[in-house]
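Examining the three-dimensional arrangement
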Amino acid sequence: MNIGIESEKNILRILSKRFNKWWQKQALEVPEFRRGDFHYLKDRLAQPRAVTIIGPRQVGKTTVVMQLIKELLEEKKVEPKRILYVALDDQNLRREAGENTLLLDVLEVYQKNVLLEDLDSVKIKTYLFFDEVQKIPQWAEVVKTLVDSNKNIQIVSTGSASFKISQASKETLPGRQELYTMLPLKFADSIKLRRAMGFNELNAEELKSIGLSLKDGLERALLTPDSLPQFFDECKKYYLKNAAQETSVQAELRAYLAKGGYPEIISTKDAPTCQKRL
């Protein structure tokens, strides 16, 4: 490692106090609301391949990563030192580490001072979360080396420069990682988030189930015209059952169309603030 003792201490301090407070047994505070992407990615952590999450800024990538870490700590009972998170766009960290070796320097400090063993020889599953990897030119090569060195290393990377990351992934990580695109919240997730914040009392899962049922009914009716009356009866039944929610659903749809699916914006009441952020 080509960094000095003081830089090593400073990198360790940043990692410990800013990014990985669970090393000091501090609770990780994250939003209770879990979007659909969280559940999908949680299952991917059990797979041997690395996961790279791409998507626009402010779409919620870092929030989902923190929720995954909380899940590992509290539900899977993973030892805190076996989870590393680092935001590679952090200016304080970039001042301490080498210009072209930031990620390698961070990993060296982590192995030497926290994990207390080499990553290529760990026998217990160890999780590495790299946020904003587009800031590191050779990030894909580092991930490739780690993945190839030990099956007990699970890596989750995120980035906002989707095209740049996609190209690096295809060239360097074929067969070693899953590229996952996270988009703004779907309408159902928007309803769930706003319900958690007291904006509505709608049951998003029930509404989703109704929509899927009607979709299937319409497909059957198009294939078998004789079943069209039955489809209309289903529509009438669902409408009569849920008519009381119609006003609320329309209000949520207007909010969704006006604000989009960005979590911070969709959960804000103040219109001028929303317009400014958009």
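Keep in mind that what you see is a predicted model, and the values were worked out from it rather than measured. (Residues numbered from 1 in each chain as written. Predicted model: local features only at pLDDT ≥ 70, side-chain atom pairs only at ≥ 80, totals over all residues. Heavy atoms only, no water.)

1. A short note on the nonpolar core
- Among the nonpolar cores identified, the biggest contains 63 residues, and Ile69, Leu128, Phe129 and Phe130 are the most heavily contacted of them.
- Per-element tally for this core: the top contributor is helix H5 (residues 102-115), with eight residues.
- Counting five residues, the second-largest nonpolar core is a separate cluster that includes Phe33, Leu185, Leu193 and Ile266. (Core = buried A, V, L, I, M, F, W, Y, C linked by side-chain atoms within 4.5 Å. Buried < 20%, exposed > 50% of the residue type's maximum accessible area, 1.4 Å probe, protein only. Helix = DSSP H or I, 4+ residues; strand = E, 2+ residues; numbered from the N terminus.)

2. Observations regarding helix H10 (residues 228-242)
- Between the first and last C-alpha of H10 there are 21 Å, a value that for 15 residues agrees with the 21 Å anticipated at 1.5 Å per step.
- Listed as buried for H10 are Phe231, Glu234, Tyr238 and Asn242. Buried positions in H10, seen along its axis, are confined to an arc of 55° and lie on one side of it. Residues of H10 that are exposed and point over 90 degrees away from its buried face: Phe232, Asp233, Lys236, Lys237 and Leu240.
- On its buried side, H10 packs onto helix H9 (204-223) and helix H11 (246-259). (Expected span 1.5 Å × (residues − 1). Arc of directions from axis to C-beta. Contact = heavy atoms within 4.5 Å.)

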